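Close look at the chain arrangement
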Protein chains: 4
Amino acid sequence: MRAVVYRGPFSVEVVDVPDATVVEPTDAVVRITTTNICGSDLHMYEGRTSVEEGKVLGHENMGIVEAVGPAVTRIQVGDRVSVPFNIACGTCRNCLTGWTSFCTRTNPTEGMDGAAYGYANMGPYDGGQAEYLRVPFADVNLLDLPAGTEHENDFTMLSDIFPTGWHGTELARQAPGDDVAVFGAGPVGLMAAHSALIRGAARVFVVDKEPDRLALARSIGAIGINLAEGDPVEQIMDATDGRGTDCGVEAVGYQAHDAAGEEHPELVLDNLVKVVRTTGGIGVVGVYVPQDPGAANEGAKEGRVAFDYGTFFTKGQHMGTGQAPVIRYNRQLRDLIIAGRATPGFIVSHELPLDGAVEGYDRFDKREDGWTKVLLHPGQAA
Amino acid sequence: MRAVVYRGPFSVEVVDVPDATVVEPTDAVVRITTTNICGSDLHMYEGRTSVEEGKVLGHENMGIVEAVGPAVTRIQVGDRVSVPFNIACGTCRNCLTGWTSFCTRTNPTEGMDGAAYGYANMGPYDGGQAEYLRVPFADVNLLDLPAGTEHENDFTMLSDIFPTGWHGTELARQAPGDDVAVFGAGPVGLMAAHSALIRGAARVFVVDKEPDRLALARSIGAIGINLAEGDPVEQIMDATDGRGTDCGVEAVGYQAHDAAGEEHPELVLDNLVKVVRTTGGIGVVGVYVPQDPGAANEGAKEGRVAFDYGTFFTKGQHMGTGQAPVIRYNRQLRDLIIAGRATPGFIVSHELPLDGAVEGYDRFDKREDGWTKVLLHPGQAA
Amino acid sequence: MRAVVYRGPFSVEVVDVPDATVVEPTDAVVRITTTNICGSDLHMYEGRTSVEEGKVLGHENMGIVEAVGPAVTRIQVGDRVSVPFNIACGTCRNCLTGWTSFCTRTNPTEGMDGAAYGYANMGPYDGGQAEYLRVPFADVNLLDLPAGTEHENDFTMLSDIFPTGWHGTELARQAPGDDVAVFGAGPVGLMAAHSALIRGAARVFVVDKEPDRLALARSIGAIGINLAEGDPVEQIMDATDGRGTDCGVEAVGYQAHDAAGEEHPELVLDNLVKVVRTTGGIGVVGVYVPQDPGAANEGAKEGRVAFDYGTFFTKGQHMGTGQAPVIRYNRQLRDLIIAGRATPGFIVSHELPLDGAVEGYDRFDKREDGWTKVLLHPGQAA
Amino acid sequence: MRAVVYRGPFSVEVVDVPDATVVEPTDAVVRITTTNICGSDLHMYEGRTSVEEGKVLGHENMGIVEAVGPAVTRIQVGDRVSVPFNIACGTCRNCLTGWTSFCTRTNPTEGMDGAAYGYANMGPYDGGQAEYLRVPFADVNLLDLPAGTEHENDFTMLSDIFPTGWHGTELARQAPGDDVAVFGAGPVGLMAAHSALIRGAARVFVVDKEPDRLALARSIGAIGINLAEGDPVEQIMDATDGRGTDCGVEAVGYQAHDAAGEEHPELVLDNLVKVVRTTGGIGVVGVYVPQDPGAANEGAKEGRVAFDYGTFFTKGQHMGTGQAPVIRYNRQLRDLIIAGRATPGFIVSHELPLDGAVEGYDRFDKREDGWTKVLLHPGQAA
């Protein structure tokens, strides 16, 4: 089958690899209809991780079940399904309590809980930027979707970024009526803003410096805050009569840059501490890493982020972090899509055949204007 | 009336000051029967805050209501009461949602929510290390206790440290059956350990290096971990078969010292991130401050604490911080004391008349052996 | 001042009564700009309660603060305010934990927690269908609104029915993505449906038999289920592929009627038990009473409602009940109105001067076509 | 193998039946070391259910894994395990959200969610009062225990009644510091009382009329209330200064009897509504059924229970019901046992070999004095 493989920094290739097959009795194989390039794929693409050459990339996957193992009883061949990016066993302590993003059994990496497809440090699993994908523990992991092709570009957000954005609002313990600050208007930030509004936010402020992304934020009812036009904290403070917001979402991660383009891993956390009111919550779904040899300073190389902790404490804020347990949210989000009340596909900017992956990675990585979210359709002629 | 006033670094004095009186119609005056010296009083005593000379200290107060203003209708003269250290208006947004520790109205200090008696930056309120104390918004703030003198040394912990220790377990979202790590076996850490066990913890590990404090921890059923005998993280990891604990409480604060006695504000947070399992919670009630001119490094002077944030994120942990809203817990804790199921007075080491305050501050500040918790009884002959 | 007083079954009158004044130091007097007739006013109007003749009615009130007592410090003369229907002391145990609808101090009626304006058994407080209203514990109870007259018909729903409908969804523990069944499309049911959608429901089914009310339900995005056209449970089961809804709200109360017009107090609870899925929640804000001499059977006269409890248990459902603690929700709902995301005024059908109350009660009680919600504006010329 | 089978009303027999075997790849077979007779087994024994003759009884099971199917990867042969009474698939919507007691896939009975071993209407599964038991979805369902035989009589309570009692306190939303009323001092009521105290209750009142059961309640720190000595509501009201308790647990079920021995299905609910304070919660784990041909009145035959709903509503109480999802609690309770902080085995009164089942059922059903809880040890010589 054809698949997108990592070749080294700034290099992917679409090549023939061995077919995905049922290995364990609890496996399924999914024929991929849509697989997205994720912002976090770019961490690998840019050579900033330890991902091995030859890895098939892709953790945002959906498609049609092609085959199942003998112990698969819930999911059936022919089902249209969304594949959560987390690979969960469904029976360890974390899985049983809804933390499938921290499965203790599926990732053999020392000291790591949580596995994923085609991702650095997340276990030996190939990704789904390919014609087929092997899915372990299929009954646990696969979410069934209505047959057909309707809502394809909405449903494809269920594998990762829509639940991830939602998780940001959950970690921030957003309540209805809240004012919310979302830092970052990339795909995850936009999904967080969409989530916040669906959950009953009063106002959602989305901070970025890219006009096209801010326009997308405004298109769903959020308020765009252009950090290139002035301190975003001040802008939001002004809009809230000096109170600040009730909570906030970090959707940028450790590679945050200031207006001058310099990398400051503590920048967004500092801004959130300032802008969120006393007792408020901060949900962090932008990625931070324990080791980052390419970081700007010694501390950051070891994952240390020297944000303004004293103010964080004095304001009595709280903070939740980490990868989203997709299964906790994806059924509900699917139903909101079906009911017409969620439309996460609004961020899709480009749809390409699988062979378009090379161009897709390149232009998405360069943040070319308008390249917000790229979908690959493996079954589609080039 | 007689009162303990701050005179400058390492100097308090017991002097005559004007009597506490009813000023506002919602005030009460409480005749103090017991008032404790708190570990956080030592921050002021050591000159590490901006507290003004002449301030009457003391925020851990209880006594008998001596007078009430005309708008006080719930509390009556003669009631025995505990006085929460937070001064709450009861009607602002934070108070109405149970966050009396972040009252937006009682502290006129710019940018600060939350007031307290006799404390730096917490408003112009005199403390209760005195014969009498003025209590604003008495109906909101005062907790009624059974008449008499029974449980005095337990009830006196209701004004601050028992609810503060409890808040640590709440911020960590401790659940029954959890293993809990508490860093710091000072009064607040011991109250956190007592709380954790009352709430149904399976095991509570208390980390400190003082044998007398560890002995107190063991006396209530906790497991003492002596950091002088080896890395406390390793000790707890060994005891939990490498899993770590389900959650943890920070009861040390920014003046954390390593085994060699050097100050490292990030030390305890680092240890908690290591020792708490994936998805677990960390409750921070040890104090961190936005400005600390006496800090060990440039970042820490501005409240920046460069702990291992990358691992915090990768483990999907969450963290809650800040001063405890005493009213949220003190009634229930009172009832547990009355029922004989909580005995927070176990930490009391010394009871002195008010005039003993000078000696009490001096020896408690020196952490003299066995000086765990000092109570002052203003009505008691010297 | 002019006020609407109860004269006996099916009789109200607009007469001169003594002016409302500041009695206690914590009181305010509010000049009423808008006061609504509530469905529960009709229980009194129809003579089905023990309300005394001469009582000034009206518990859905808003207006401008005209005077305040000397202990009122938060609210100021001239403020535009919403008056929650519950009268809360703010300092009893229930108030301090957010249950202002069950204040233990403001209602002197034996065995009753919770007070209200102008209402049977809810204490000696006159209502606000009048030119002025005395508001006890003004700093606790009053919600400040933006100055001016904007959103008047939306804000007037903040005193009772919008928070009451919202409380129904809260008691049912509705989560985003849920399908919700609301029984009753009267004002409270419509507010519950509006609330459910704001909180992120996937689909909201609203059951009634009045076409005008069902049309209102549909106008806000809900699905109208006409019980005159067939068993509503079957209709909803069909629409949910036999699964039923995730939760449900009871917005009818003990005077439920079947399609044939016969009163069956257990009817709506039975339908909710059937239509809500296993483990789902039921929020009951329709009123049930401990004594009802006019009830259809002996049990119901004593408040006994023989619904299908065996199935309720077997399905593992849960149920929450009772009057809404308005303060818990009204600030957030106000902010949603200001942000344009909530528009509860959509139910207003008639606006009358105070002297129009007699006609308003008469025609609203007869459920005349289109008389959904009646507002009285005391300051408005007849 | 030998097994206890149901022969008809008041008749069980220990006979040879075909060996339990691995049928599905996700199955395990457990060699039973301990299996308890449950109070709910007596419903079947007394002929008050539709259970078929020949059914192997027993849903409170533990033992050693004897064999596993090829898709079992977490649990291994030789593991000592507790078998939750619920049979869960682990992958349906209810299971994925922690409601394994309402699994939608394992019970083929029309309209029923949730399966169990050896139980009427709970699916075609044989029970564990036998030498061996087949366990479906073994990786999902089995809880691993420390090897050996320590704590056997405590661990055997993990399969049902300890989690069931705990669930009662959870459904009542008991918080630390609460006063709790538990109606029924049978095994489940005693487990609820034990749970409430472990979770930090201030006082737990346990209501029954059997002195030996009340003595057991007192032995764990609860307060026994003997209903034969006076109205239990009055007794508890007196002990709480007229306030009532904060919450309550129903551990009796539909076969409640008054002091005179007459069956009144609404009796216990009425008492709970009276004794629980406004806004309090009621957790119902005593069993109620939709059909009960042997019931005392027409309504009760159809599962209708005419309790005082009007007061329930007026007091703003809430109620949760249904079978416990054992997996949500059993790991934590196991850890509390290992830590020595839970000792549920205190209720064991008799231990018999499997062949003792006939006598055990007979004498337990007759509530012979001191027959509180009967364990069967299949491997033990008669």
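Quick caveat, the model's predicted, so the values are computed rather than measured. (Residues numbered from 1 in each chain as written. Chains lettered and ligands numbered in written order. Predicted model: local features only at pLDDT ≥ 70, side-chain atom pairs only at ≥ 80, totals over all residues. Heavy atoms only, no water.)

Moving on: the overall build of chain A. Counting its secondary structure elements, chain A contains 13 helices and 17 strands. What you see for chain A is a C-alpha radius of gyration of 20 Å, in line with the 21 Å of a compact globule of 382 residues. With the principal axes as the frame, chain A shows a C-alpha extent of 60 × 45 × 40 Å. Within chain A, buried positions represent 65% of all 382 residues. Sequence separation of 24 or more characterises 71% of the internal contacts of chain A that already satisfy a separation of 6 or more. On chain A, roughly 12400 Å² of surface is accessible, and the fraction owed to carbon and sulfur atoms is 48%. Placing the 30 positive and 52 negative side-chain charges of chain A at their respective mean positions leaves the two points 5 Å apart. (Helix = DSSP H or I, 4+ residues; strand = E, 2+ residues; numbered from the N terminus. Rg over C-alpha atoms; globule rule 2.2 N^0.38 Å. Buried < 20%, exposed > 50% of the residue type's maximum accessible area, 1.4 Å probe, protein only. Contact = heavy atoms within 4.5 Å. Areas by Shrake-Rupley, 256 points an atom, 1.4 Å probe, with all protein chains shown as cover. Lys, Arg positive; Asp, Glu negative; His and termini not counted. Charge placed at Lys NZ, Arg CZ, Asp CG, Glu CD.)

Applying the stated criterion across every chain, the model contains 38 aromatic pairs over all chains. When the centroid spacing of 5.8 Å and the interplanar angle of 70 degrees are considered together, the rings of F307 of chain A and F312 of chain A count as edge-to-face. Here the two residues F307 of chain A and F312 of chain A agree in accessibility, since each one is buried. A network of ring pairs unites the aromatic residues Y288, F307, Y309, F312 and F313 of chain A together with Y288, F307, Y309, F312 and F313 of chain B as a single cluster. Over the face of the ring belonging to W99 of chain B we find R328 of chain B, whose NZ or CZ atom lies 4.1 Å from the ring centre. (Phe/Tyr/Trp six-rings, centres within 6.5 Å; stacked < 30°, edge-to-face > 60°. Lys NZ or Arg CZ within 6 Å of the ring centre and 35° of its normal.)

Turning our attention to the sheet that holds strand β12 (residues 223–226) of chain B. What the twelve strands build is an open sheet, ordered β12(A)-β11(A)-β10(A)-β13(A)-β14(A)-β15(A)-β15(B)-β14(B)-β13(B)-β10(B)-β11(B)-β12(B); its pairing is mixed. Pairing within the sheet leaves two strands with one partner each, and these edge strands are β12 (223–226) of chain A together with β12 of chain B. Ignoring strand direction, the axes of neighbouring strands in this sheet form an average angle of 20 degrees. Each of β10 (179–183), β11 (203–208), β12 and β13 (245–250) of chain A touches helix α8 (residues 232–239) of chain A; the most contacted strand, β11 of chain A, lies at about 165 degrees to it. In the packing of helix α9 (residues 267–275) of chain B onto the sheet, contacts are made with β10 (179–183), β13 (245–250), β14 (276–284) and β15 (318–321) of chain B, and the angle to β14 of chain B comes to roughly 145 degrees. (Pairing = 2+ DSSP bridges. Axes fitted to C-alpha atoms, helices over the stretch in contact; angles between N-to-C directions.)

Moving on to the nonpolar core. If you look at the biggest cluster of nonpolar residues, it comprises 51 residues, and the most contacted ones within it are F307, Y309 and M319 of chain A together with F307, Y309 and M319 of chain B. Apart from residues lying up to four places away in sequence, Y309 of chain A is in contact with L269, V284, Y288, G303, R304, V305, F307, M319 and T321 of chain B. One finds L272 of chain C together with V275, I282 and Y288 of chain D within the second-largest nonpolar core, a separate group that totals 48 residues. (Core = buried A, V, L, I, M, F, W, Y, C linked by side-chain atoms within 4.5 Å.)

Residue and element names in this part refer to chain A. Examined at the domain level, chain A breaks down into domain 1 (2–160 + 325–377) and domain 2 (162–321). On a C-alpha basis, the centres of domain 1 and domain 2 stand 26 Å from each other. Across the contact, 26 residues belong to domain 1 and 23 residues belong to domain 2. Of the roughly 2200 Å² buried between domain 1 and domain 2 on both sides combined, carbon and sulfur atoms contribute 64%. Between domain 1 and domain 2 we count two salt bridges in total. For the salt bridge of E263 with R48, the shortest nitrogen-to-oxygen distance reads 2.7 Å. (Domains from an automatic or database assignment. Buried area = accessible area lost by both parts, 1.4 Å probe. Salt bridge = Lys/Arg side-chain N within 4 Å of Asp/Glu carboxyl O.)

A separate point is the pairing of strand β5 (residues 80–83) of chain C. Residue and element names in this part refer to chain C. Residues R80 and S82 of β5 are buried on one face, and the alternating residues V81 and V83, pointing to the opposite face, are buried as well. Of the strand pairs in this sheet, strand β4 (residues 60–68) and β5 are connected by four bridges, and their pairing is antiparallel. Bridge assignment links M62 to a residue of β5, and that residue is S82. Inspection of the sheet shows β5 paired to strand β9 (residues 143–145) by three bridges, in the antiparallel sense. Paired with V81 across the bridge in β9 is D144.

Each partner contributes to the interface: chain B provides 44 residues, whereas chain A provides 44 residues. Carbon and sulfur atoms supply 55% of the area that chain B and chain A bury against each other, a total of about 3600 Å² over both sides. When the buried surface of chain B facing chain A is broken down by residue, R304, Y309 and F313 of chain B rank first, second and third, together holding 21% of it. Along the contact surface separating chain B from chain A lie four salt bridges. The salt bridge partner of R304 of chain A is D270 of chain B, with a shortest N-O separation of 2.7 Å. The tally of links between chain B and chain A comes to 22 residue pairs in polar contact (both at pLDDT 80 or more). Put simply, the parts of the chain that give the side of chain B that touches chain A at least two residues each are α2 (93–96), α9, β14, α11 (309–314) and β15 of chain B. The residue makeup of the side of chain B that touches chain A, split by class, is 17 nonpolar, 15 polar and twelve charged. With three bridges connecting them, strand β15 (residues 318–321) of chain A and β15 of chain B associate as antiparallel partners. By the bridge assignment, G320 of chain A is partnered in β15 of chain B with H318 of chain B. (Polar contact = N/O pair within 3.5 Å; in protein donor to acceptor, adjacent residues only side chain to side chain. Nonpolar A, V, L, I, M, F, W, Y, C, P; charged D, E, K, R; others polar.)

What follows deals with the pattern of salt bridges. Taken as a whole and assessed by the stated rule, the structure comprises 107 salt bridges over all chains. With a shortest N-O distance of 3.8 Å, D16 of chain C and R2 of chain C are connected by a salt bridge. Within this pair, whereas D16 of chain C is found in strand β2 (residues 11–16), its partner R2 of chain C is found in strand β1 (residues 2–8), the two being separated by 14 residues in sequence. By relative accessible area, D16 of chain C is classed as exposed at 59%. For R2 of chain C, a relative accessible area of 30% corresponds to the partly exposed category. Here D246 of chain C and R93 of chain D are joined by a salt bridge, their closest N and O atoms 2.2 Å apart.

We now examine helix α12 (residues 330–338) of chain B. Quick reminder: α-helices carry 3.6 residues per turn. Residues three or four places apart thus point the same way. Of all the nine residues making up α12 of chain B, eight are buried; the element is thus mostly covered by neighbouring parts of the structure. Residues N330, R331, Q332, L333, R334, D335, L336 and I337 of chain B constitute the buried set of α12 of chain B. Structurally, α12 of chain B contributes buried residues whose contacts are with β9 (143–145), α4 (152–155), α5 (161–171) and α6 (187–198) of chain B together with α2 (93–96) of chain C. Positioned one or two residues after α12 of chain B, G340 of chain B has a phi angle of 80 degrees, which is positive.

Two copies of one chain are present, and they are related through a rotation about an axis combined with an axial shift. The two copies are related by a screw operation: chain B maps onto chain A through 180 degrees of rotation and 0.0 Å of translation along the axis, at an RMSD of 0.0 Å. Both copies are brought into coincidence by an operation consistent with a two-fold rotation axis. Measuring from the rotation axis to each C-alpha of chain B, the shortest distance belongs to A306 of chain B, at 2.0 Å. With an isologous cut-off of 70% or more, the 100% of interface residues of chain B that recur at the interface of chain A puts this contact in the isologous class. (Least-squares fit on C-alpha atoms with pLDDT ≥ 70 in both.)

Let us look at the relation of the copies chain B and chain D. In screw terms, the move from chain B to chain D is a rotation of 180 degrees and a rise of 0.0 Å along the axis, fitting with an RMSD of 0.0 Å. Taken together, the interface assignments show that 100% of the residues at the interface of chain B recur at the interface of chain D, consistent with an identical surface on both copies.

To continue, consider the environment of R304 of chain D. Within the secondary structure, R304 of chain D is located in the loop between α10 (298–301) and α11 (309–314). Assessed through its relative accessible area of 24%, R304 of chain D is described here as partly exposed. Residues R304 of chain D and Q291 of chain D, 13 residues apart in the sequence, show an inter-C-alpha distance of 9.0 Å. Residues contacting R304 of chain D, with those up to four places away along its chain left out, are E266, D270, A306, F307, D308 and Y309 of chain C together with G299 of chain D. At 2.7 Å, the side chain of R304 of chain D and the backbone oxygen of A306 of chain C are in polar contact.

The strand order across the open sheet built from twelve strands is β12(C)-β11(C)-β10(C)-β13(C)-β14(C)-β15(C)-β15(D)-β14(D)-β13(D)-β10(D)-β11(D)-β12(D), with neighbouring strands paired in mixed fashion. Pairing within the sheet leaves two strands with one partner each, and these edge strands are β12 (223–226) of chain C together with β12 (223–226) of chain D. In this sheet, neighbouring strand axes are inclined to one another by 20 degrees on average, regardless of whether the strands run parallel or antiparallel. In the sheet, strand β14 (residues 276–284) of chain D pairs with strand β15 (residues 318–321) of chain D via four bridges, with the strands oriented parallel. If you follow V284 of chain D over to β15 of chain D, its bridge partner there is T321 of chain D. Sheet strands touched by helix α5 (residues 161–171) of chain C: β13 (245–250), β14 (276–284) and β15 (318–321) of chain C. Its angle to β14 of chain C, the strand with the most contacts, is close to 150 degrees. With respect to the sheet, helix α8 (residues 232–239) of chain D is in contact with β10 (179–183), β11 (203–208), β12 and β13 (245–250) of chain D, its orientation differing from that of β11 of chain D by roughly 165 degrees.

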